[in-house]
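# Descriptive structure summary
Here is what each chain is made of, one letter per residue.
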Amino acid sequence: MKYISTRNASRAVSGSEAILMGISPEGGLFVPESFPQVTLAEIEAMGEMSYAERSATVMSRFLDEFTYEELLEIANRAYSRFDSEDTCPLTKIDDGAYVLELWHGPTYAFKDLALTVLPQLISACRKKRGEKGKTLVLVATSGDTGKAALEGFKDVDGTEIMVFYPDEGVSYMQKLQMITTGGNNTYVAGIKGNFDDAQTAVKKIFTDDGVRASLAKDGYVMSSANSINWGRLLPQIAYYFSSYADLLTSGEITLGDKIDFVVPTGNFGDILAGYYAMRMGLPVNKLVCASNINNVLTDFFNSGEYDATREFHKTISPSMDILISSNLERLLFEVVDRDDKALGSLMATLKETGKYKVDLVTLKRKIPMFAAGFADEDETMETIYNTFDEYGYVVDPHTSVAIAVYNDYYLTSGDQTPTVILSTASPYKFAQDVYEAVGENQEADPFKAVKKLHFLTGMEVPEGIDRLQTLEKRFSDVLAKDEIKQKVLSRVKGE
Ligand SMILES: *Cc1c(COP(=O)(O)O)cnc(C)c1O
């Protein structure tokens, strides 16, 4: 299996090269040359497998440089760090509505599904390619990727990791999780700006030949832990298959039935993995893209126009506060029939003008499985309350956005297909907002909010959240956007 760049389809690389490079030098993203097919019988057989086995089964279709056993070992190591035996438990909240909990990993957000795997993949790829020297992992984060990547790469031999988060744009717990990270190879800084600024700055460093050359002199190659990296997306495809297999095993659906997924979306990595699962043969009816009031994607799917030139809103679902969703590029590549020139020109227009337009009729014809909606801040708070009130089930604000959009979609479309709603973070990562929503009281102290939320709901507090109170804060840098590059260069010199 080869991978091609969305902006230069004649550049074909192996899976290990795609993972180690992160992004193609001309700025394109690597996509699989084709989608390997999984039969219904193979999906049914997943019902009998552990999550790690399901994951290895899916990954092995794409990474022919690895044996199934090698990938299984990686997956076993990754998912043994989860606090649920099921890894991603599926909870029925209503007839035909199921919540897929993707936050039982070490940092309590769905990013752990991929970031417990990626560092191992990178190490293994380097070994296979006989590469010496070190890997510098650069991460721009809207809150959850940063901590998940830090935990994944912390003290991994031959790697350095640097994480940049929007100083004013992440939750209290998210920030505390990052700045208390241990490890000798870790660095964390806030940046003055929002997530898009951080992501753009980091992407620019990746494609800067001067930086590349300078790092090479110090024995480093750069890689990315953002979902632009194929090694991030790949492990995410598995949970779409996994939830289908679970619904099958529990008799909620029969083999071949189509299901819907509702996905709280930011950088478009999570939902794209669902699209790839469908292209591999998973019976999917709709993929519903749920946004908060930074609803660029809702407008895109409904009008064909992608317009990032709008006000940026800070919300209570900060991991979705994104106006430039990087992974949409991979979907667009399919919309334009994998025409790298056409795609390149759309991306150039986006860079110059902050927007682009594709023909709506073409869009609906090429990707009819996508639907989209958004929830505002009040709806998000109300839905946290209603979900607890009606089902006794506590959700974080990102998941609440998805449930609110699901409710709207269900009412307006009449679509009766069984639906899996992806739950992307533990409510305790956003304890103050969740407590305010269900307890109808504000609590200014984040750790008191955790306690009160626990008392009110009986939901167990993750050990790692409690522990944050006592950990030393190790990082305090706040950088201007144009200081990031210098920081990267001096870091590898050990300054
Ligand atoms: C990252 C994140 C999202 C958005 O996922 P994308 O892959 O960026 O679309 C949603 N919810 C939470 C809690 C996240 O951390």
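So, a few notes on the structure that sits alongside this text. These numbers were taken from a predicted model, which means no experiment stands behind them. (Residues numbered from 1 in each chain as written. Predicted model: local features only at pLDDT ≥ 70, side-chain atom pairs only at ≥ 80, totals over all residues. Heavy atoms only, no water.)

## Focus on helix H9 (residues 195-206)
For H9, built from 12 residues, the straight-helix expectation of 16 Å at 1.5 Å per residue is met to within 8% by its first-to-last C-alpha distance of 17 Å. Among the residues making up H9, those that are buried are Phe195, Asp196, Ala198, Gln199, Ala201, Val202, Ile205 and Phe206. Looking at the buried residues of H9, the elements they touch are strand S6 (134-140), strand S7 (159-166), strand S8 (186-191), helix H10 (209-217), strand S9 (220-224) and helix H22 (484-492). (Helix = DSSP H or I, 4+ residues; strand = E, 2+ residues; numbered from the N terminus. Expected span 1.5 Å × (residues − 1). Buried < 20%, exposed > 50% of the residue type's maximum accessible area, 1.4 Å probe, protein only. Contact = heavy atoms within 4.5 Å.)

## Let's talk about the site of the ligand
By nearness alone, 15 residues border the ligand, and Lys111, Asp144, Gly266, Asn267 and Thr424 come closest of all. A distance of 2.8 Å separates an oxygen atom of the ligand from a polar backbone atom of Gly266. Notes on the ligand: free accessible area 380 Å², of which the protein chains cover 98%. Across the shell around the ligand, the residue classes tally to 5 nonpolar, 7 polar and 3 charged. (Near = heavy atom within 4 Å. Polar contact = N/O pair within 3.5 Å; in protein donor to acceptor, adjacent residues only side chain to side chain. Areas by Shrake-Rupley, 256 points an atom, 1.4 Å probe, with all protein chains shown as cover. Nonpolar A, V, L, I, M, F, W, Y, C, P; charged D, E, K, R; others polar.)

## Looking at the pattern of salt bridges
One pass over the full model with this rule turns up 26 salt bridges. For the salt bridge of Glu131 with Arg126, the shortest nitrogen-to-oxygen distance reads 3.9 Å. Between Asp144 and Lys429 there is a salt bridge, and its shortest N-O distance comes to 2.7 Å. One end of the pair, Asp144, is in helix H7 (residues 144-153); the other, Lys429, is in the loop between strand S15 (419-423) and helix H19 (431-439), with 285 residues separating them in the sequence. Like Lys429, Asp144 is buried. Via salt bridges that share partners, Glu17, Arg126, Arg129 and Glu131 belong to a single interconnected network. (Salt bridge = Lys/Arg side-chain N within 4 Å of Asp/Glu carboxyl O.)

## Re unusual backbone geometry
Phi is positive for Arg338, close to 60°, though the residue is something other than glycine. With respect to the helices and strands, the residue Arg338 is situated in the loop between helix H14 (328-335) and helix H15 (340-353). Notably, Glu440 is not glycine yet its phi reads approximately 55°, a positive angle. As for its position among the elements, Glu440 is in the loop between H19 and helix H20 (446-457). Looking at Glu440, the relative accessible area reads 59%, which means it is exposed.

## Re the sheet that holds S9
Within the open sheet, the 5 strands sit side by side as S9-S6-S7-S8-S16. Their pairing is parallel. The open sheet terminates on both sides in strands that have one partner only, identified here as S9 and strand S16 (478-479). In this sheet, S8 lies alongside S7 in parallel orientation, the contact comprising 6 bridges. Note that in S8 the partner of Tyr165 across the bridge is Gly190. The strands that H7 touches are S6, S7 and S8; relative to S7, the one it contacts most, it runs at about 165°. Along the sheet, H22 contacts S6, S7, S8, S9 and S16; its crossing angle with S7, the most-contacted strand, is approximately 160°. (Pairing = 2+ DSSP bridges. Axes fitted to C-alpha atoms, helices over the stretch in contact; angles between N-to-C directions.)

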